There are 2 protein chains.
Amino acid sequence: MMSDEYYMQQALREAEKAYAEGEVPVGAVVVTGGKIISRGYNQVEKLSDPTAHAEIIALTSAFNFLGAKYLPDASLYVTVEPCLMCAGAIYWSKLSRIVWGADDEKNGHARITGNNWPFHPKATISKGILAAECAALMKDFFRARRG
Amino acid sequence: MMSDEYYMQQALREAEKAYAEGEVPVGAVVVTGGKIISRGYNQVEKLSDPTAHAEIIALTSAFNFLGAKYLPDASLYVTVEPCLMCAGAIYWSKLSRIVWGADDEKNGHARITGNNWPFHPKATISKGILAAECAALMKDFFRARRG
């Protein structure tokens, strides 16, 4: 079993792929038994689908890989706080642990969910893992876009 | 342009397909310019994917059909109140109008979002259209499952 920082570094690599393709740079990996079983990065522009977030792509890939619709033994690592949609998808997946890097004041789920817990009752969250690196990638992206 | 009841009846037909396939019976249609441009029904079991909700399938199909990632001129009709994930997906889609039939106290988004508006700021919602029919299909399904 590697450290949280190791898995978040892997999620950051996914985010860098998104960045290189002109997508909002968010990346995610799903880990079970210490192994990365799926990866995803934001593909909203490529797919012309605003729901093609890193988390959704990684989760869908994990369901396919395991042939299971619930992931109670898995952890999700994502570089940026999940939005409301992704928080809901994580709930349905029954993931036991959610780890994110940077908070997202604008689009993170917490702005809407407030004090209500959107995840599975047994799930735990950890945040702030490599937060500076995760946030810096986002800032660079939006700064470049504003020209 | 047909009535809300007409489009909800079409969403109910989708829900009935889900029912016939042993899926939680929720159906949805996306309408723009008075025309149904996409349809979807719950396929969680078939796809082993807990995110394969009627709304998500109908929205993805609409993005593909229009080649657009936003649907500002479209309305979504869905037989049951959207869950948190679907509310988030609807937000990202920038749909202008969301119409649902039956409320869902357990899994509807409102249980988590409370007084916070999860949809696009300009979006409007209507609910209670054919609510009895939409709710009855759900009740029949869960009653049959409990044996």
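Residues numbered from 1 in each chain as written. Chains lettered and ligands numbered in written order. Predicted model: local features only at pLDDT ≥ 70, side-chain atom pairs only at ≥ 80, totals over all residues. Heavy atoms only, no water.

1. Overview of helix H6 (residues 131–146) of chain B
Thinking step 1. End to end, H6 of chain B covers 23 Å across 16 residues, agreeing with the expected 22 Å (1.5 Å per residue, within 8%).
Thinking step 2. The elements touched by buried residues of H6 of chain B are helix H1 (4–20), strand S3 (74–80) and strand S4 (97–102) of chain B. (Helix = DSSP H or I, 4+ residues; strand = E, 2+ residues; numbered from the N terminus. Expected span 1.5 Å × (residues − 1). Contact = heavy atoms within 4.5 Å.)

2. A closer look at a positive patch on the surface
Thinking step 1. Side chains of Lys 94 and Lys 122 of chain A together with Lys 106 and Arg 111 of chain B sit close together on the surface and give a patch of like positive charge.
Thinking step 2. Mapped onto the elements, Lys 94 of chain A comes out in the loop between helix H4 (84–93) and strand S4 (97–102). (Patch = residues over 30% accessible without salt bridge, like charges linked within 9 Å, V, L, I, M, F, W, Y side chains within 5 Å. Areas by Shrake-Rupley, 256 points an atom, 1.4 Å probe, with all protein chains shown as cover. Salt bridge = Lys/Arg side-chain N within 4 Å of Asp/Glu carboxyl O. Lys, Arg positive; Asp, Glu negative; His and termini not counted. Charge placed at Lys NZ, Arg CZ, Asp CG, Glu CD.)

3. What to know about the interface of chain A and chain B
Thinking step 1. With 28 residues of chain A at the contact, the number on the chain B side is 28 residues.
Thinking step 2. Interface area for chain A against chain B, summed over the two sides, is near 2300 Å², with a carbon-plus-sulfur share of 64%.
Thinking step 3. Area buried by chain A at its contact with chain B is led by Pro 50, Lys 69 and Trp 92 of chain A, which between them contribute 27% of it.
Thinking step 4. Summed over the shared surface of chain A and chain B, the number is two salt bridges.
Thinking step 5. With its nearest N and O atoms 2.5 Å apart, the salt bridge here joins Glu 45 of chain A to Lys 69 of chain B. (Buried area = accessible area lost by both parts, 1.4 Å probe.)

4. Details of the UniProt feature "domain: CMP/dCMP-type deaminase" (unreviewed entry) in chain A
Thinking step 1. Under the UniProt annotation, the feature "domain: CMP/dCMP-type deaminase" (unreviewed entry) is placed at residues 2–114 of chain A.
Thinking step 2. In residues 2–114 of chain A, helix accounts for 42% and strand for 23%; the two terminal C-alpha atoms are 32 Å from one another. (UniProt positions renumbered as here; feature names shortened; annotations may be inferred.)

5. Here we look at the relation of the copies chain A and chain B
Between the two copies of the chain lies a rotation about an axis combined with a shift along it.
Thinking step 1. When chain A is fitted to chain B, the best match, at an RMSD of 0.0 Å, comes from turning it 180° and sliding it 0.0 Å along the axis. The operation mapping one copy onto its partner corresponds to a two-fold rotation axis. Proximity to the rotation axis, assessed at the C-alpha, singles out Met 85 of chain A in chain A; its C-alpha lies 2.0 Å from the axis.
Thinking step 2. Counting the interface residues of chain A, we find that 100% of their copies in chain B are interface residues as well, pointing to one common contact surface. (Least-squares fit on C-alpha atoms with pLDDT ≥ 70 in both.)

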